[in-house]
Amino acid sequence: MQINDLIKGNKKFREARFSKYETDLKQLVKTGQKPEVLFIGCSDSRVTPDLMLDTKPGDMFILRNVGNFVPPYNPDNDYHGTSAAIEYAVNVLNVKHIIVCGHSHCGACKSLYQDLENSPELSNVKKWLELGKKAKEYTLLATPNKEDKEQLYRTTEKVSIVYQMENLLSFPYIVEKIKNSELQIHGWYYKIEDGTIDYYDGEDCTFKPLEDYKK
Ligand SMILES: [Zn+2]
């Protein structure tokens, strides 16, 4: 993929597909965006929120970072990009749903098992990956056969989603909105190899096919 391909891609988009969204977009320019969903996904290039959910401009406020992690609430004076996006989506856009969407073959989850001690060029990554530490610890405790690395990674990817959902509950305004039935939190797991999504069912703490989800 070269920049030239992207330039051609934009031309193709304007000529062939933009018209499909033009009316909606002009309306959204007038009224502003009103997405009802905050989608928290991984930056992984194989995760494609609008493609995999068949959504259109204006549907989802999308937040992507390494590992689809959610840091705990921390209202200090630092640069909290992820928390700022969450705050804006919940308190200004008043989204009704937050989806934490993990995915299979996540490099961030795999990296939890690698030693980054001697990688000064990854100092921010190393710090950020601390947000997956609990998921790794839980997975190691819960997995009898630790030799099957791929299975270990798949489990970590799913367990991490639950911990990130838990971190969302450290944000007081999120808890408040959930109490008032104004907001719901969802945990999804996207399989990049077949396009399917499983959702986390808090009732029995398992992941189930999204088609079986009942509101
Ligand atoms: Zn990932």
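Residues numbered from 1 in each chain as written. Predicted model: local features only at pLDDT ≥ 70, side-chain atom pairs only at ≥ 80, totals over all residues. Heavy atoms only, no water.

As annotated in an unreviewed UniProt entry, the protein chain is Carbonic anhydrase from Aliarcobacter vitoriensis. The Sequence similarities (unreviewed entry) comment attached to the protein chain in UniProt states, word for word, "Belongs to the beta-class carbonic anhydrase family." Looking at the protein chain in UniProt, the text filed under Catalytic activity (unreviewed entry) is "hydrogencarbonate + H(+) = CO2 + H2O". (UniProt positions renumbered as here; feature names shortened; annotations may be inferred.)

Trainee: What exactly am I supposed to notice about the pattern of salt bridges here?
Mentor: If charged atoms from side chains of opposite charge come close, those side chains can pair. One pass over the structure, following the stated rule, counts twelve salt bridges. In this structure, Glu117 and Lys126 form a salt bridge, with 3.6 Å as the shortest nitrogen-oxygen distance. Taking relative accessible area as the criterion, Glu117 reaches 53% and is therefore assigned exposed. Among the residues examined, Lys126 registers a relative accessible area of 35% and is labelled partly exposed. Linking Lys127 and Glu130 is a salt bridge whose minimum nitrogen-to-oxygen distance equals 3.1 Å. A relative accessible area of 45% means that Glu130 is categorised as partly exposed. Through salt bridges with shared partners, a single network forms among Glu150, Arg154 and Glu157. (Salt bridge = Lys/Arg side-chain N within 4 Å of Asp/Glu carboxyl O. Buried < 20%, exposed > 50% of the residue type's maximum accessible area, 1.4 Å probe, protein only.)

Trainee: What's the story with the sheet that holds strand β1 (residues 37–42) in this structure? I'm lost.
Mentor: The pairing of strands in a sheet happens through backbone hydrogen bonds and is either parallel or antiparallel. The strand order β2-β1-β3-β4-β5-β6 describes an open sheet built from six strands, whose pairing is mixed. The open sheet has two free edges, formed respectively by β2 (60–65) and β6 (206–209), since each of these has just one partner strand. On average, each strand axis in the sheet is inclined to that of its neighbour by 30 degrees, with strand direction left out of account. Sheet analysis places strand β4 (residues 184–190) next to strand β5 (residues 197–201), joined by three bridges and oriented antiparallel. Looking at β5, one finds that Tyr189 is bridged to Asp198. Running over the sheet, helix α3 (residues 81–91) touches β1, β2 and β3 (97–103) and is turned about 170 degrees from β2. (Pairing = 2+ DSSP bridges. Helix = DSSP H or I, 4+ residues; strand = E, 2+ residues; numbered from the N terminus. Axes fitted to C-alpha atoms, helices over the stretch in contact; angles between N-to-C directions. Contact = heavy atoms within 4.5 Å.)

Trainee: Sorry, what's going on with the packing of aromatic side chains here?
Mentor: Two aromatic rings are characterised by how far apart their centres lie and by the angle between their planes. Evaluated as defined, the whole model comprises ten aromatic pairs. Ring plane angle 80 degrees and centroid distance 5.9 Å describe the contact between Phe13 and Phe18, whose orientation is recorded as edge-to-face. Every member of this aromatic cluster is reached through a ring pair, and the members are Tyr73, Phe171 and Tyr173. The ring of Tyr113 carries the charged tip of Lys136 above its face, separated from the ring centre by 5.2 Å. (Phe/Tyr/Trp six-rings, centres within 6.5 Å; stacked < 30°, edge-to-face > 60°. Lys NZ or Arg CZ within 6 Å of the ring centre and 35° of its normal.)

Trainee: Got a minute to help me understand the packing of helix α6 (residues 133–142) against helix α7 (residues 149–168) in this structure?
Mentor: When two helices pack together, their arrangement is given by the angle between the helix axes and by the axis-to-axis distance. Between α6 and α7, whose axes approach to 8 Å, the crossing angle comes to 130 degrees. Taken together, α6 and α7 sit at an angle that is classed as oblique. For the pair α6 and α7, the sense of crossing is right-handed. Contacts between α6 and α7 involve Lys134, Ala135, Lys136, Tyr138, Thr139 and Leu140 on the former and, on the latter, Leu152, Thr155, Thr156, Val159, Ser160, Tyr163 and Glu166. (Parallel < 35°, antiparallel > 145°, perpendicular 65-115°, else oblique. Left-handed = near helix turned anticlockwise from the far one by under 90°.)

Trainee: Help me understand the environment of Lys34, please; the structure alone is not making it clear to me.
Mentor: Relative to the elements of secondary structure, Lys34 occurs in the loop between α1 (3–31) and β1. What makes Lys34 exposed here is its relative accessible area of 58%. Here the alpha-carbon distance between Lys34 and Phe61, two residues 27 residues apart in the chain, equals 8.8 Å. At 3.2 Å, the side chain of Lys34 and the backbone oxygen of Thr31 are in polar contact. (Polar contact = N/O pair within 3.5 Å; in protein donor to acceptor, adjacent residues only side chain to side chain.)

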